[in-house]
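# Residue-level structural notes
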Amino acid sequence: MIGETISNSDLIRSVHNSFLTPSLLSIDRKDQNNVDEKDDGLFHFVGYTFRNGQIYELDGLKQYPITHGNAGECKTQDDFIDKIPGIIQERIAKYDSNELRFSLLAVTNDKLEEAKLRLDEFGITQQLHKREVWHKENELRKMDYTGLIVQLIKNISNEKSDSEWEEMLTKGRNKTQEMIAASLRKK
């Protein structure tokens, strides 16, 4: 019922639909047929909550909450916070190790309101800055730069010879590989 209520919310629907879907140019064609056969590629939310000393999994595709037995027994909110990562990792482990379609969202108290209640000027400033950054990022997510990128590539390719174009592509590939290698070294 919670999932149905959320899906019927005009506000949530309009915010969700305000973000562009991934461009076909950025989707790897071979993955389009790679659909999870068990749920036909269905994306849905799964929630976890702590009630009456137990962790409950609320899956919109199941008819009832799932308890996690001994692994889900909790005496305090801190126990819940300590145990929930393992339960989530266990669920993710049931899927293909190359699966990247998981997102994690924590529903918490409003950190800005908490900082205001504590009269924490630094916390208030930090939360306001975060919200400004989020706003800018969300505005960029709503843009479709595909046309701009295609036009830039056309203009560059018209001005360059085939050998110059190939050299630019090679430099770009090498730079990308260096960036990937550098990010892997940081981990």
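Model, not experiment: these values are computed from the prediction.

The next subject is the overall build of the protein chain. Counting its regular elements, the protein chain contains 7 helices and 3 strands. Tracing the protein chain from N to C terminus, the helices and strands come up as α-α-β-β-β-α-α-α-α-α. Across the 187 residues in the protein chain, those meeting the buried criterion constitute 10%. Sequence-distant contacts in the protein chain: of pairs separated by 6 or more residues, those separated by 24 or more amount to 31%.

With respect to the secondary-structure elements, Gln54 resides in strand 2 (residues 54–59). Of note is the side chain of Gln54, whose polar atom sits 3.5 Å from the backbone nitrogen of His68. Contact partners of Gln54, with chain neighbours within four places excluded, come to Thr49, Thr67, His68, Gly69, Gly72, Glu73 and Cys74.

Glancing now at the packing of helix 6 (residues 146–159) against helix 7 (residues 162–186). Contact geometry of helix 6 with helix 7 gives a least axis separation of 8 Å together with a crossing angle of 130 degrees. With respect to helix 7, the axis of helix 6 lies oblique. Side by side, helix 6 and helix 7 meet where Ile153, Ile156, Ser157 and Glu159 of the first sit next to Glu164, Trp165 and Met168 of the second. Residues of the contact of helix 6 with helix 7, tallied by class, amount to 4 nonpolar, 1 polar and 2 charged.

In this section: the packing of aromatic side chains. This model, assessed by the stated rule, comprises 1 aromatic pair. Both rings, one in Phe50 and one in Phe80, keep their centres 6.1 Å apart while their planes meet at 25 degrees; by these two values the pair is stacked. Residue Phe50 is found in strand 1 (residues 46–51), and its partner Phe80 is found in helix 3 (residues 77–93); the two are separated by 30 residues along the sequence. With respect to class, Phe50 is no different from Phe80; both count as buried.

Moving on, we get to the pairing of strand 2. Pairing of strand 1 with strand 2 involves 6 bridges; the strand directions are antiparallel. Its bridge partner lying in strand 2, Phe50 is registered against Ile55. What sits between the antiparallel neighbours strand 1 and strand 2 is a turn of 2 residues, in which Asn52 has the positive phi angle 50 degrees. Counting the residues that bridge the hairpin from strand 2 to strand 3 (residues 66–67) gives 6 residues.

This part takes up the sheet that holds strand 1. The 3 strands lie next to each other as 1-2-3, forming an open sheet whose pairing is antiparallel. Since the sheet does not close on itself, it has two edges, and those belong to strand 1 and strand 3, each with one partner. Its contacts with the sheet put helix 3 on strand 1 and strand 2, and the angle it makes with strand 1 is roughly 150 degrees.

The next thing to look at is the confidence of the model for the protein chain. Residues with a pLDDT of 70 or more make up 78% of the protein chain, whose mean pLDDT is 78. Within the protein chain, no element has a lower average pLDDT than helix 1 (residues 2–7), which sits at 67, and none a higher one than helix 4 (residues 111–117), at 94. Counted against residues more than four places away or in other chains, residues 24–37, with its pLDDT under 50, gives 11 contacts.

This part takes up a nonpolar patch on the surface. Residues Leu140, Met143, Tyr145, Leu148, Ile149, Leu152, Ile153, Ile156 and Met168 make up a contiguous nonpolar surface patch of about 810 Å² in total accessible area. Ranked by residue count, the leading element in the nonpolar patch is helix 6, at 5 residues.

Core analysis: the biggest nonpolar cluster contains 7 residues, these being Phe50, Ile55, Cys74, Phe80, Ile84, Ile87 and Ile88. In terms of residues, this core owes the most to one element, helix 3, which gives 4 residues. Not counting residues within four places of it along the chain, the set of residues in contact with Phe80 comprises Tyr48, Thr49, Phe50, Ile55 and Cys74.

Per the counting criterion, the structure on display carries 9 salt bridges. Across the pair Asp110 and Arg131 runs a salt bridge, and its minimum N-O distance is 2.5 Å. With Asp110 in the loop between helix 3 and helix 4 and Arg131 in helix 5 (residues 121–141), this residue pair connects regions lying 21 residues apart in the sequence. Salt-bridge contacts for Lys111 lead to Glu114; the nearest nitrogen and oxygen are separated by 3.9 Å. Taken together, the residues Lys111 and Glu114, both in helix 4 and 3 residues apart, mark about one turn of the helix. By relative accessible area, which is 40% here, Lys111 ends up partly exposed. The class for Glu114 is partly exposed, based on a relative accessible area of 25%. Overlapping salt bridges, with partners in common, bring together Glu57, Asp59 and Arg91 in one network.

So, how was this worked out
Throughout this document, residue positions are counted from 1 along each chain, in the order its sequence is written. This being a predicted model, a pLDDT of at least 70 is required before a residue's local features are given, and a value of 80 or more before pairs of side-chain atoms are given or counted; all residues contribute to the totals for chains, interfaces and linings. The side-chain numbers reported here are obtained from all heavy atoms of the structure, hydrogens and water having been left aside. Under the scheme used here, helices are H or I runs from DSSP no shorter than 4 residues and strands are E runs no shorter than 2 residues, and both carry numbers assigned from the N terminus. The buried label applies to any residue whose accessible area, calculated with a 1.4 Å probe on protein chains only, is under 20% of its type's maximum; exposed applies above 50%, and partly exposed to all values in between. Residue contacts are counted whenever heavy atoms from the two residues lie within 4.5 Å of one another. Polar contact is defined as a pair of N or O atoms within 3.5 Å, subject to the rule that within protein one atom must be able to donate a hydrogen and the other to accept it, and that residues adjacent in sequence are counted only when both atoms are side-chain atoms. All axes are obtained by fitting lines to C-alpha atoms, using only the stretch in contact for helices, and the reported angles, taken between N-to-C directions, cover 0 to 180 degrees. Working definition: roughly parallel below 35 degrees, roughly antiparallel above 145 degrees, roughly perpendicular at 65 to 115 degrees, and oblique for all remaining angles. Residues are grouped as follows: nonpolar covers Ala, Val, Leu, Ile, Met, Phe, Trp, Tyr, Cys and Pro; charged covers Asp, Glu, Lys and Arg; every other residue, Gly included, is treated as polar. Two rings from Phe, Tyr or Trp (for Trp, the six-membered ring) form a pair when their centres sit within 6.5 Å of each other. Planes less than 30 degrees apart are called stacked, planes more than 60 degrees apart edge-to-face, and all others tilted. Think of it this way: DSSP has to see at least two bridges between two strands before they count as a pair. The predictor attaches a confidence to each residue, called pLDDT, with possible values from 0 through 100. Residues enter patches when their relative accessible area tops 30% and they take part in no salt bridge; the joining distance is 9 Å for like charges and 5 Å for the nonpolar side chains Val, Leu, Ile, Met, Phe, Trp and Tyr. Residue burial considers only the protein chains on display, and all accessible areas are found by Shrake-Rupley using a 1.4 Å probe. Basic side-chain nitrogens of Lys or Arg form a salt bridge, by our definition, when they fall within 4 Å of a carboxyl oxygen of Asp or Glu. Each nonpolar core is a collection of buried residues, namely Ala, Val, Leu, Ile, Met, Phe, Trp, Tyr and Cys, held together in the definition by side-chain atoms within 4.5 Å.

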